[in-house]
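Topology and contacts: notes
One-letter residues, chain by chain:
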Amino acid sequence: MKRFVDTNAFTLLEIAIVTAVLLVLMGTVISLISPASSKGKARDNKRLSDVSTLDRAVNEYKLDYGQYPGQESFLYTSDIVPTGSPNIYSAVAGWIPVDLSDYISKYPTDPINDTTYHYEYIHNTAGYEISTRLEQLTEEASSDGGNDPAKYEMGVNLLLITP
């Protein structure tokens, strides 16, 4: 009786080694894609979208009324409700106490909206600036052309809010 031996087959040791290597690689990939990092990136994407929405509303208001919304040279922040405003979200008088309801349904606020992470807006006769601090997408902040590499800045004059 002859026994057939397949010399092209994998041994149990080879299969165990390949499995171990795959498990190490999978563990490394999972640790690199951490939930905290993903959540930070999601919040940053919302911030970028909100700043863009607010930028559009400010520009449309300027086109309609010939001036920027709000008091000149006053820094508005989304974490503070101005006197007389019903709440920070109100499109009629939110954290910038100006009626922008023709342009936005509510004032955008930062996903965290505290003293570190919030939106800022200021204007003068020559321009305006809107800014926000980012958690993960910091390359966006450093390449926006503004004077603060730690904040993402948008507007006509990116030197109005000093670092």
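Keep in mind it's a predicted model, so treat the numbers as computed, not measured.

Under the UniProt annotation, the feature "domain: Type II secretion system protein GspG C-terminal" (unreviewed entry) is placed at residues 38–131. With 30% helix and 12% strand, residues 38–131 has end C-alpha atoms that lie 22 Å from one another.

What follows is about unusual backbone geometry. The backbone of S73 sits at a positive phi, close to 60°, despite the residue not being glycine. Within the secondary structure, S73 is located in the loop between α2 (35–65) and β1 (76–77). Backbone geometry at N113 places phi at a positive 55°, although glycine is not the residue there. When you line up the elements, N113 lands in the loop between β1 and β2 (119–123).

Okay, the environment of R56 next. Turning to its location among the elements, R56 is positioned in helix α2. As a C-alpha pair, R56 and Y103 span 47 residues in sequence and 8.1 Å in three-dimensional space.

This brings us to the sheet that holds strand β4 (residues 151–155). The four strands are arranged β1-β2-β3-β4 in an open sheet whose pairing can be described as antiparallel. Single-partner strands in this sheet number two, and they are β1 and β4. Where β1 meets β2, two bridges bridge the pair, whose relative direction is antiparallel. Paired with Y76 across the two strands is Y121, which belongs to β2.

Bringing a nonpolar patch on the surface into the picture now. A surface patch of nonpolar side chains, amounting to about 580 Å² of accessible area, comprises L13, I17, V18, V21, L22 and L25. With respect to the helices, strands and loops of the structure, I17 is situated in helix α1 (residues 12–32). Given a relative accessible area of 48%, I17 falls into the partly exposed group.

Rules used in this analysis
Residues numbered from 1 in each chain as written. Predicted model: local features only at pLDDT ≥ 70, side-chain atom pairs only at ≥ 80, totals over all residues. Heavy atoms only, no water. UniProt positions renumbered as here; feature names shortened; annotations may be inferred. Helix = DSSP H or I, 4+ residues; strand = E, 2+ residues; numbered from the N terminus. Pairing = 2+ DSSP bridges. Patch = residues over 30% accessible without salt bridge, like charges linked within 9 Å, V, L, I, M, F, W, Y side chains within 5 Å. Areas by Shrake-Rupley, 256 points an atom, 1.4 Å probe, with all protein chains shown as cover. Salt bridge = Lys/Arg side-chain N within 4 Å of Asp/Glu carboxyl O. Buried < 20%, exposed > 50% of the residue type's maximum accessible area, 1.4 Å probe, protein only.

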